[in-house]
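Here is how the chains run, residue by residue.
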Amino acid sequence: MFDIIIKGGTLPDGRTTDIGIKADKITAIEDLSAAETRDTIDASADLVSPPFVDPHFHMDATLSYGTPRINASGTLLEGIGLWGELKEVMTQDEVKARAMEYCDWAASLGLLAIRSHVDTCDDRLLGVEALLDVRETVKDYIDLQLVAFPQDGLYRDPTAHENTIRALDMGVDVVGGIPHFERTMADGAASVTALCELAAERGLMVDLHCDETDDPHSRHIETLAYETQRLGLQGRVAGSHLTSMHSMDNYYVSKLLPLMAEAQVAAIPNPLINITLQGRHDTYPKRRGLTRVKEMQAMGIDVGWGQDCVMDPWYSMGTGDMLDVAFMGLHVAQMTSPAEMHRCFDMVTNVNARILGLQDYGLHVGATASLVVLDAGNPIEALRLRPDRLCVVAKGKVISRQQRNDATLSLPGRPASVRRRHAAHS
């Protein structure tokens, strides 16, 4: 007897099958037409995917757009300044309420694992306490991984180093930083060393905001790769953004990418935000700040798409949908072949799960029973449509259902309804 059977779904690899769930595990992937079950979910002709994973977000700031004012210039630096103003007026209850509302959105979209940076440049550690509480509240359906993030610089802010250690002592999961925001390149490099040593001492992962700038001389990713190898942190380190790489000299990049690959440092570009914030000082030609995605992938480097922001001091838009992120990344990185489009879908599922170190993730017997049924026939169609999530299962429980939203037509000689599904590619 199964608790849930997903009937007739199409997996991302093209197989059509049933999926049997007992308690919180997938226990069968085969023809289950003769099996008994307490609940059946009909996924015939629909895509069944592992849950979406966001490796880079700022949940302490989300849904705060317009408080206390709007980012008039649209720049990264004004956003950081505006966040400093927001920290002065926000309350712990307000941070929790915004974060919980976002988690509701995420649950409905099948976004069931999120890595969120939380600012530690606040002696109250108000955001840290709020998100630790949220992490506990949502643990039965969302895996929320928190990064201790000294937003104003580990050395630039006088209490950031001490507060970052306090946050880790409170139970924050990952060591973060922002070396390019330190006062000098030397301080930035020193911060990378200090943060990696802190992670090595505690057996933690590292995820640094790294070189989020148009300056091609911002090369902290090189230091991060070096420290990763020196300290034996291979496979536990990610560099987020890496936007300076889009302006770097090609010869230098030809040296840098093998270093990253050797150190097993992952990359997390955030296409919605990177192309919005970067190049603001350019006239024309105007740069867009997406890092060298395909080149890194060709070197065997794990590259995963991140959301970064939804309606906050840096970004006025956003829905929480990782397919929006992959859709934008596909365009800006010019990943338009069928294989590349499949890879974009994989980047917001399996690759991101690997970057976060998620255990028992995926669609296989023995995996945690978390999955999404989408109103699409395959991953490419899912990217094109960013479709409704017909059902979301989290750790063996159905947490969201949605009706198909077919449009009704009143046109002579035409069909009575339209769905926009047209799976021409596989």
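Residues numbered from 1 in each chain as written. Predicted model: local features only at pLDDT ≥ 70, side-chain atom pairs only at ≥ 80, totals over all residues. Heavy atoms only, no water.

The name recorded for the protein in an unreviewed UniProt entry is Cytosine deaminase, from Sulfitobacter delicatus.

Draft legend 1. Local environment of the overall build of the protein. The helix and strand inventory of the protein stands at twelve helices and 17 strands. Projecting the C-alpha coordinates of the protein onto the three principal axes gives extents of approximately 65 × 45 × 45 Å. The buried share of the protein, taken over its 426 residues, is 56%. Counting contacts in the protein only where the partners sit at least 6 residues apart, residues at least 24 apart contribute 76% of the total. As displayed, the protein has an accessible area near 17000 Å², and 50% of this comes from carbon and sulfur atoms. Looking at charge distribution, the protein has the averaged site of its 40 positive side-chain charges lying 4 Å from that of its 59 negative ones. (Helix = DSSP H or I, 4+ residues; strand = E, 2+ residues; numbered from the N terminus. Buried < 20%, exposed > 50% of the residue type's maximum accessible area, 1.4 Å probe, protein only. Contact = heavy atoms within 4.5 Å. Areas by Shrake-Rupley, 256 points an atom, 1.4 Å probe, with all protein chains shown as cover. Lys, Arg positive; Asp, Glu negative; His and termini not counted. Charge placed at Lys NZ, Arg CZ, Asp CG, Glu CD.)

Draft legend 2. Structural detail: the packing of aromatic side chains. Tallying each qualifying case throughout the model produces four aromatic pairs. Relative to W314, the ring of W83 has its centre 6.3 Å away and its plane inclined at 40°; by these criteria the two rings are tilted. With a gap of 231 residues between them, W83 in helix α1 (residues 76–89) and W314 in the loop between α9 (293–298) and α10 (322–332) connect regions that are remote in the sequence. In this pair, the class of W83 matches that of W314, namely buried. Ring centres 6.2 Å apart and planes at 45° place the aromatic pair Y102 and W105 in the tilted group. On the criterion of helical spacing, the pair formed by Y102 and W105 is a turn pair, its members being three residues apart in helix α2 (residues 92–109). Residue classification places W105 among the partly exposed residues on the basis of a relative accessible area of 26%. Here R219 stacks its cationic end above the ring of Y252, 3.7 Å away from the centre of that ring. (Phe/Tyr/Trp six-rings, centres within 6.5 Å; stacked < 30°, edge-to-face > 60°. Lys NZ or Arg CZ within 6 Å of the ring centre and 35° of its normal.)

Draft legend 3. Here's a closer look at the pattern of salt bridges. Within the structure shown, the criterion is met by 33 salt bridges. Across the pair K87 and D152 runs a salt bridge whose closest N-O atoms are separated by 3.6 Å. A residue pair is termed long-range when its members are at least 10 positions apart, and K87 in helix α1 and D152 in the loop between β8 (143–149) and α4 (160–169) qualify at 65 residues. By relative accessible area, K87 is classed as buried at 7%. D152 gets classed as partly exposed once you look at its relative accessible area, which sits at 22%. For the salt bridge of R202 with D169, the shortest nitrogen-to-oxygen distance reads 2.8 Å. Within this pair, whereas R202 is found in helix α5 (residues 185–202), its partner D169 is found in helix α4, the two being separated by 33 residues in sequence. (Salt bridge = Lys/Arg side-chain N within 4 Å of Asp/Glu carboxyl O.)

Draft legend 4. Broad picture of the pairing of β8. Across the seven residues that make up β8, a large majority, six, are buried. With seven bridges joining them, strand β7 (residues 111–119) and β8 adopt parallel strand pairing. Bridged to I114 within β8 is L144. The parallel pair β7 and β8, bridged by helix α3 (residues 126–137), forms a crossover whose chirality is right-handed. Note that β8 and strand β9 (residues 174–177) share two bridges and pair parallel. (Pairing = 2+ DSSP bridges. Right-handed = clockwise from strand over helix to strand, strands pointing away.)

Draft legend 5. Summary view of the sheet that holds strand β11 (residues 237–241). Taken together, seven strands build an open sheet; the order of strands is β6-β7-β8-β9-β10-β11-β12 and the sheet is parallel. Bordering the open sheet on either side are β6 (52–57) and β12 (266–268), each of which pairs with just one other strand. Each strand of the sheet is rotated relative to its neighbour by a mean of 25°, with strand direction disregarded. Bridge count between β6 and β7: four bridges; the pairing is parallel. Residue pairing across strands places F52 opposite L111, the latter belonging to β7. (Axes fitted to C-alpha atoms, helices over the stretch in contact; angles between N-to-C directions.)

Draft legend 6. The arrangement of the environment of Q402 in detail. Locating Q402 in the fold gives a position in the loop between β15 (397–401) and β16 (407–408). Q402 gets classed as partly exposed once you look at its relative accessible area, which sits at 32%. On a C-alpha basis, the gap between Q402 and S108 in space is 8.6 Å, while along the polypeptide they are 294 residues apart. Beyond its immediate sequence surroundings of up to four residues, Q402 is in contact with D388, R389 and L390.

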